[in-house]
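# Close look at the chain arrangement
So the chains spell out like this:
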Amino acid sequence: MLTETLLNGYLGKHISQICPNAFHADSENHCAHFVSHVLNLSFGMTCGNLVAGSQRKGPAGNVRVQELFAQCPNARELDVCPQYMEALIFVSAPRNFQTGGSRPVLANVPNKHMGLFLNGQIWHYSNSRRQVIQQILAQFIHHYPQQQNALWVGDLPITASVHHP
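First things first, this report covers the structure right here in the doc. (Residues numbered from 1 in each chain as written. Predicted model: local features only at pLDDT ≥ 70, side-chain atom pairs only at ≥ 80, totals over all residues. Heavy atoms only, no water.)

### Structural notes on the nonpolar core
Leu-2, Phe-34, Leu-39 and Phe-90 are the most contacted members of the largest nonpolar core, which has 40 residues in total. Mapped onto this core, the elements with two or more residues apiece are α1 (4-8), α2 (31-39), α3 (65-70), β2 (86-92), β5 (112-118), β6 (121-126) and β8 (150-154). It is α2 that provides the largest number of residues to this core, a total of six residues. Listed in part, the twelve residues of the second largest apolar core include Ala-87, Val-91, Phe-117 and Tyr-144. (Core = buried A, V, L, I, M, F, W, Y, C linked by side-chain atoms within 4.5 Å. Buried < 20%, exposed > 50% of the residue type's maximum accessible area, 1.4 Å probe, protein only. Helix = DSSP H or I, 4+ residues; strand = E, 2+ residues; numbered from the N terminus.)

### Some remarks on the sheet that holds strand β7 (residues 131-136)
Spatially, six strands are ordered β1-β8-β2-β5-β6-β7 in an open sheet, and the strand pairing comes out antiparallel. The open sheet has two edge strands, β1 (75-77) and β7, and neither has a second partner. If you compare each strand with its neighbour and ignore which way they point, the axes differ by 30 degrees on average. Lying over the sheet, α2 contacts β2, β5, β6 and β7, oriented at roughly 35 degrees with respect to β5. (Pairing = 2+ DSSP bridges. Axes fitted to C-alpha atoms, helices over the stretch in contact; angles between N-to-C directions. Contact = heavy atoms within 4.5 Å.)

### Examining the pairing of β5
When you tally the buried positions in β5, you get seven out of seven residues, the bulk of the element. Summarising the sheet, β2 and β5 pair through seven bridges and their orientation is antiparallel. Residue pairing for β5: Ile-89 is matched across the bridge by Gly-115. Relative to β6, β5 runs antiparallel, the two sharing three bridges. Bridge pairing in β6 links Leu-116 to Trp-123. Adjacent in sequence and paired antiparallel, β5 and β6 are bridged by two residues, among which Asn-119 carries a positive phi angle near 50 degrees.

### Points about the environment of Ala-70
Along the chain, the position of Ala-70 falls in helix α3. Using a relative accessible area of 40% as the deciding quantity, one classes Ala-70 as partly exposed.

### With respect to the side chain of Gln-66
With respect to the helices, strands and loops of the structure, Gln-66 is situated in helix α3. Ignoring any residue separated from it by four or fewer positions in sequence, one finds Gln-66 in contact with Leu-106, Ala-107, Asn-108 and Lys-112.

In structure tokens, the structure reads:
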């Protein structure tokens, strides 16, 4: 489903070049928003819910990291780096990944981030750089340098379908 060629097509793009619905403010967190547009995931809180009707020009994408985490059929902590894998990847403090119920839950906290994981590489929307970037796991784990971080991966939601840039 995902390919490096597809994901590389998003590198360097600002969210305004990805979202057709004018939800582009640099003050917003766009990591889940980017992933949702790439995978055509339109459920829960979307960019379409957050703009005026006249600004909606195309498919809406989910904007909440914890809602995307909840849609992963199999979410688990990443304890070894797999050589080949297609998944969503999440980074946050270990305590924010709650495992007490029937399914893991990612708490709705400020310090959580996500991207697309393919064969050891991560493509994600860097809010500080205001563009899509690519990193390796050793870089992504330090997304929040002021805290200890955990990495979790989740299989792509069953409703995912790739959107080409």
